[in-house]
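Examining the three-dimensional arrangement
So you can see what is in the structure, the chains are spelled out below.
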Amino acid sequence: MTANGWLQIAIFLALVLAVTKPFGIFMARVFNREHTFMDRALRPVERLLYRLTGVDEHHEMRWTEYAFAMLLFSAVSMLMLYVQQRIQGLLPLNPQKLGAVPPDLAFNTAASFTTNTNWQAYVPETTMSYLTQMAGLAYHNFASAAVGISLAIAFVRGIAQREKDTIGNFWVDLVRCSLWVLLPACLLGALLLVWQGVPQNLKRYDVVKLVEPQQVQVTETNGKLITQTVTDQVIAQGPVASQEIIKEWGTNGGGFFNANSAHPFENPTPLSNFIEMFCIFAISAGLTYTLGRMTGSPKHGWAVWAAMAALFLAGVTTAYWAEARGNPLLGDVDQRAGELQSGGNMEGKEVRFGIANSVLFATATRDASCGAVNGTHDSFTPLGGLVPLVNIMLGEVIFGGVGAGMYGILIFVILSVFIAGLMVGRTPEYLGKKIEAYDVKMAMLAILIFPLTILILAGISSIYGFGTSSIANPGPHGLSEILYAFTSATGNNGSAFGGLSANTRWYNIATGLSTLIGRFFIIIPMLAIAGNLARKKYVPPSLGTFPVTTPLFTVLLTGVIIIVGALTFFPALSLGPILEHLLMNAGRAF
């Protein structure tokens, strides 16, 4: 670990802190329909959209109607993406003449991008046409992010409302989020990335001659290995910048290229790397202040922010230490950082980013439900790889993905307040609302669905050949690959540990279903809590009320998040990355 590395991490967190309040105020004004500096340009567009679609912008929805509208929108969007992939070969903007996507892969991709997961079991530059990338995948990057933010705002409204049956209008929230929060920032961000060297064109891929021809071995259809001489290289390109920025700003993660943000066309410079990391946390951090402002308790928003920051720092510190100390199996090799070498475990990392920015990127993207990567997690040390895995298992509530992290941590807030109420022997209260049995049942339902899906599907894949045949490594590392795949899919993260050949019928269907379960089976209980809280009377705080604005609350919330995750997943983790770490120190590798 170096002072320079810590300085970069500190600057990153300081910038996130600096934008939390202004972003939070702006989003609160947008969703409260207060005046903003963008209204003059965007209000006419908003009114036109409502007129064309027949939406009554003044209509308020009960939680059941809000949920139905969200499910209907998601189902239609998913079907459209599936059909587009299946007929891709017949559509324009396909200079490489790429054919139809197979049915199981098309289902997996449609489910993944609809749920803000962006799990990619394919090589994007050889599978998806420009039209599919732009009108299909990039569209879902906007739509799924807007849905997540809208749901978080609906939950916050449920907390803030007093004796009302409604939590807002889904269509209005969706439109305002897209027009005010997502589009303007992406227009500016795409230009910044183009400035840094990210391509934005519709050209056919270039074919160039290699300076030095390469000898490669390929397997023929009969299984025989033959040696071929490669003299040409295909340089993929396309409308990259426009998809890259919403991939990060909307915490989606699906890359235009297979190497994702490790590819120099997606992430060419240290500055572009910093911009992308900042975009991943910006909205999620701002939503904590939006929570405080809309509920009339800014200190509560900061208490939630502090819990997130503490968990983030714990994760990035652990990962940085694990990667910077290097590989103990290379005991005779000098792995210390110096003027002539990066030091530590540089396998799978880009030299232009180094260890500090690699672990910072990995920690931030797993905290925030963003599947983007700028390095190979499969090449991390066992404890270094443990951090991103655990971050997803905790529910990605650490500055979690746009909207999803906010309503995820609010479920833990409900549970924390309930536990605090049990400690003092009275009915728990949260910002003037009594937390009763129904609220706790719905919260526990949302929390339990997540580990059940992961552990059941990972267990099946670890036993039967259709699951184990896809892993590249034996032993505990292979288990980590399977466990990470279903954790990432169910957690709507979308990143891959690497080493798992996921483009099989089993993994396409299983991970596709787990993305849908991880998104919608958690949203429904969450909206039920929001609707129930909105109907309740306001109860003034008393001497027995547990304050949710103090450092003690931050400690309690952090503890509940860690304990729930540890108790649920520790047995599986002990057989995967923890066991691998112990064996590595004993001289074995996988």
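Everything here concerns the structure above.
Here we summarise the structure given alongside this text. (Residues numbered from 1 in each chain as written. Predicted model: local features only at pLDDT ≥ 70, side-chain atom pairs only at ≥ 80, totals over all residues. Heavy atoms only, no water.)

A few points about unusual backbone geometry
Of note, the phi angle at E396 is positive, near 50°, even though the residue is not glycine. On the secondary structure map, E396 appears in the loop between α12 (382–393) and α13 (404–424). At L431, a residue that is not glycine, the phi angle is positive and equals roughly 50°. Tracing the sequence through the fold places L431 in the loop between β3 (429–430) and β4 (433–434). (Helix = DSSP H or I, 4+ residues; strand = E, 2+ residues; numbered from the N terminus.)

Focus: the side chain of Q84
If you trace the backbone, Q84 turns up in helix α3 (residues 63–86). Excluding residues within four positions of it along the chain, Q84 makes contact with L91, L131, T132, A135 and G136. (Contact = heavy atoms within 4.5 Å.)

Comments concerning helix α1 (residues 3–31)
End to end, α1 covers 41 Å across 29 residues, agreeing with the expected 42 Å (1.5 Å per residue, within 8%). By the largest-angle criterion, T20 marks the main kink of α1, which is about 35°, and a proline, P22, follows within four residues. At the exit of α1 stands R33, carrying a positive phi of roughly 60°. (Expected span 1.5 Å × (residues − 1). Bend = angle between axes of the 7 residues up to and from the residue.)

A short note on the pattern of salt bridges
Pairing between side chains becomes possible if they bear opposite charge and their charged atoms approach one another. By the definition in use, this model includes 16 salt bridges. For R157, the salt bridge is made with D173, and the minimal N-O distance between the two is 2.8 Å. On the criterion of sequence distance, the pair formed by R157 in helix α6 (residues 130–160) and D173 in helix α7 (residues 170–196) is long-range, its members being 16 residues apart. No difference in accessibility class separates R157 from D173, as the two residues are buried. For D232, the salt bridge identified is with K209, shortest N-O distance 3.1 Å. Of this pair, D232 sits in strand β2 (residues 225–235) while K209 sits in strand β1 (residues 206–219), and the two are 23 residues apart along the sequence. Residue classification places K209 among the exposed positions, given a relative accessible area of 65%. Salt bridges linked by common partners bring R33, R43, E46, E57 and R176 together as one network. (Salt bridge = Lys/Arg side-chain N within 4 Å of Asp/Glu carboxyl O. Buried < 20%, exposed > 50% of the residue type's maximum accessible area, 1.4 Å probe, protein only.)

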